[in-house]
Amino acid sequence: MPSRSAGEAFQKLVDIMARLRAPDGCPWDREQTLDSLRGFVLEETHEVLDAIDRGDTDALRGEIGDLIFEGVFLAQVAADEGRFTVVESLNAIAAKLIRRHPHIFDPAGRPLDTPGEVVTQWEQIKALEQRDAGERRGVLRGVPKTLPALLRAYEIGTRVAAVGFDWAQTTDVVDKIEEEVAELRQALTGEGHARAEEEMGDLLFSIANLARKLGIEPESALRKANGKFSTRFSALEEHLHTQGRSVHEATLDEMENAWKVIKTAQESKQEDP
């Protein structure tokens, strides 16, 4: 019989995982460790993002289940090692959400009207928690180094902006980008590869912050741009193939002309009602 509530469904998944990890359970599941599961967590995360980008609701339903399963798997491994249980993980996140949303759960909480105010309050509460725990307060403490670099730049910008270290206006970031482009041009005139790499990094960091100011998640935007380019280039290859040519034989002018034709056709198709 299907579960009637989220709690029952989650408990069923927890019970299945415990059975798989039992002494007489699945040999593959029993040999997994926290380290060995890292790649699966990353893979499932990207599959969720891919389903979101494609707008595929059916796929997303399954991918969210797979991602939740990886969390349950990690918690079961930790429980088997006597570290903590999945209940402790759930209690920890529930308590954190209540604690860091006083404007919702605390009758004495100050009302907040904008997402920016919520982020600022969140960072302030987190800093107080670190202080009360006797930890050194650090705005950037806890930003995972394993995040994709563009997403990490976005997160760093979000964290420091929450304490007021930010450009006043979006146009200020555009000015900064233009400054970084000029410095990159200068580096390319003979300052060496290392200097050019440094300036390229500064440029990308500034672009990530422009995305933040515009309310655009840069990793998602870049994934979409990658997908659009890949689709158009595949169409370019097919276009040349119908003419008995390949990209390996075509000149740059031929490829650029084909690209313009394909781009115009795709944009016209998007504009059609």
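To be clear, the structure that these remarks concern was listed above.
These notes cover the structure that comes with them.

Reading the values: the criteria
Numbering of residues begins from 1 in every chain and follows the order in which that chain's sequence is written. It should be noted that, the model being predicted, local features are given only for residues of pLDDT at least 70 and side-chain atom pairs only at 80 or more, the latter also being counted only at that level, while totals for whole chains, interfaces and linings use all residues. To obtain the side-chain values, all non-hydrogen atoms of the structure were included, while hydrogens and water were left out. The secondary structure listing takes helices from DSSP runs of H or I that are at least 4 residues long and strands from runs of E that are at least 2 residues long, numbered from the N terminus. Between the first and last residue of a helix there are one fewer steps than residues, each counted as 1.5 Å, and that sum is the expected span. Three exposure classes are used, based on accessible area relative to the maximum for each residue type with a 1.4 Å probe and protein chains only: buried under 20%, partly exposed in between, and exposed over 50%. A contact between two residues is defined here by any heavy atoms of the two lying within 4.5 Å. When a carboxyl oxygen of Asp or Glu lies within 4 Å of a side-chain nitrogen of Lys or Arg, that pair is called a salt bridge. Convention adopted: a line fitted to C-alpha atoms gives each axis, helices being fitted over their contacting stretch, and angles between N-to-C directions are expressed from 0 to 180 degrees. With respect to orientation, any angle under 35 degrees is reported as roughly parallel, any angle over 145 as roughly antiparallel, any angle of 65 to 115 as roughly perpendicular, and every other angle as oblique. Crossings are classed by handedness, with left-handed meaning an anticlockwise turn of the near helix from the far one by less than a right angle and right-handed meaning a clockwise turn. Three classes are used: nonpolar for Ala, Val, Leu, Ile, Met, Phe, Trp, Tyr, Cys and Pro, charged for Asp, Glu, Lys and Arg, and polar for all others, with Gly counted as polar. Here the aromatic set is Phe, Tyr and Trp, taking the six-membered ring for Trp, and pairing holds for ring centres within 6.5 Å; pairs whose planes are under 30 degrees apart are stacked, those over 60 apart are edge-to-face, and all others are tilted. The nonpolar core is taken to be a set of buried Ala, Val, Leu, Ile, Met, Phe, Trp, Tyr and Cys residues, with the residues joined through side-chain atoms within 4.5 Å. The arc in question is formed by the directions pointing from the helix axis toward the C-beta atoms.

## Comments concerning helix α7 (residues 115-132)
The end-to-end C-alpha separation of α7 is 26 Å, in line with the 26 Å expected for 18 residues at 1.5 Å each. All buried positions along α7 are accounted for by Q121, E123, I125, K126, A127, E129 and Q130. In this fold, the buried residues of α7 make contact with α5 (86-99), α6 (102-105) and α8 (149-161). Positive phi shows up at G134, right after α7, with a value of about 75 degrees.

## A closer look at the pattern of salt bridges
This model, assessed by the stated rule, comprises 22 salt bridges. The closest approach of N and O atoms between E123 and K126, which form a salt bridge, is 3.4 Å. Taken together, the residues span about one helical turn, with E123 and K126 both in helix α7 at a distance of 3 residues. Accessibility classification places E123 together with K126 in one group, the buried group. Connected via shared salt-bridge partners are E123, K126, E155 and R159.

## Some remarks on the packing of helix α3 (residues 38-54) against helix α4 (residues 57-80)
Orientation of α3 relative to α4, taken along the N-to-C sense of each, is 160 degrees, at an axis distance of 9 Å. Considering their axes alone, α3 and α4 lie roughly antiparallel with respect to each other. Crossing handedness for the pair α3 and α4: left-handed. Together, F40, V41, E44, T45, E47, V48, A51, I52 and R54 of α3 and A59, L60, E63, I64, D66, L67, E70 and L74 of α4 make up the contact between the two elements. Class assignment of the residues belonging to the contact of α3 with α4 gives a composition of 10 nonpolar, 1 polar and 6 charged.

## Some words on the environment of R195
When you line up the elements, R195 lands in helix α10 (residues 193-213). Separated by 12 residues in sequence, R195 and E183 place their C-alpha atoms 9.6 Å apart.

## Observations concerning the packing of aromatic side chains
Under the defined criterion, the tally for this structure stands at 5 aromatic pairs. Measuring from ring centre to ring centre gives 5.1 Å for F229 and W259, while their planes differ by 40 degrees; the resulting arrangement is tilted. One end of the pair, F229, is in helix α11 (residues 218-242); the other, W259, is in helix α12 (residues 252-271), and 30 residues separate them in sequence. The class of F229 is partly exposed, set by a relative accessible area of 48%. In this structure W259 comes out as partly exposed when scored by relative accessible area, which is 22%. The structure contains a cluster of three or more aromatic residues connected by ring pairs, namely W28, F40, F69 and F73.

## Let's talk about the nonpolar core
V14, M17, L37, V72, F73, A75, V77 and V86 together form the largest nonpolar core, which totals 8 residues. At 4 residues, α4 tops the list of elements feeding residues into this core. With sequence-adjacent residues up to four places away left out, M17 is seen in contact with D29, F69, V72, F73 and Q76.

## Topic: the side chain of S206
Its place among the elements puts S206 in helix α10. The exposure class assigned to S206 is buried, which follows from its relative accessible area of 2%. Residues contacting S206, with those up to four places away along its chain left out, are V173, K176, I177 and E180.

## Comments concerning α3
With 17 residues, α3 ought to run about 24 Å at 1.5 Å a step, and its terminal C-alpha atoms sit 25 Å apart, in line with that. Along α3, the positions that sit buried rather than exposed are E44, V48 and A51. The arc that holds every buried residue of α3, seen down its axis, measures 65 degrees, which confines them to one face. Exposed positions of α3 whose direction lies more than 90 degrees from the buried face are R38 and L42. Summarising the contacts, the buried residues of α3 are in contact with α4. Two residues or fewer past α3, G55 is found with a positive phi of approximately 65 degrees.

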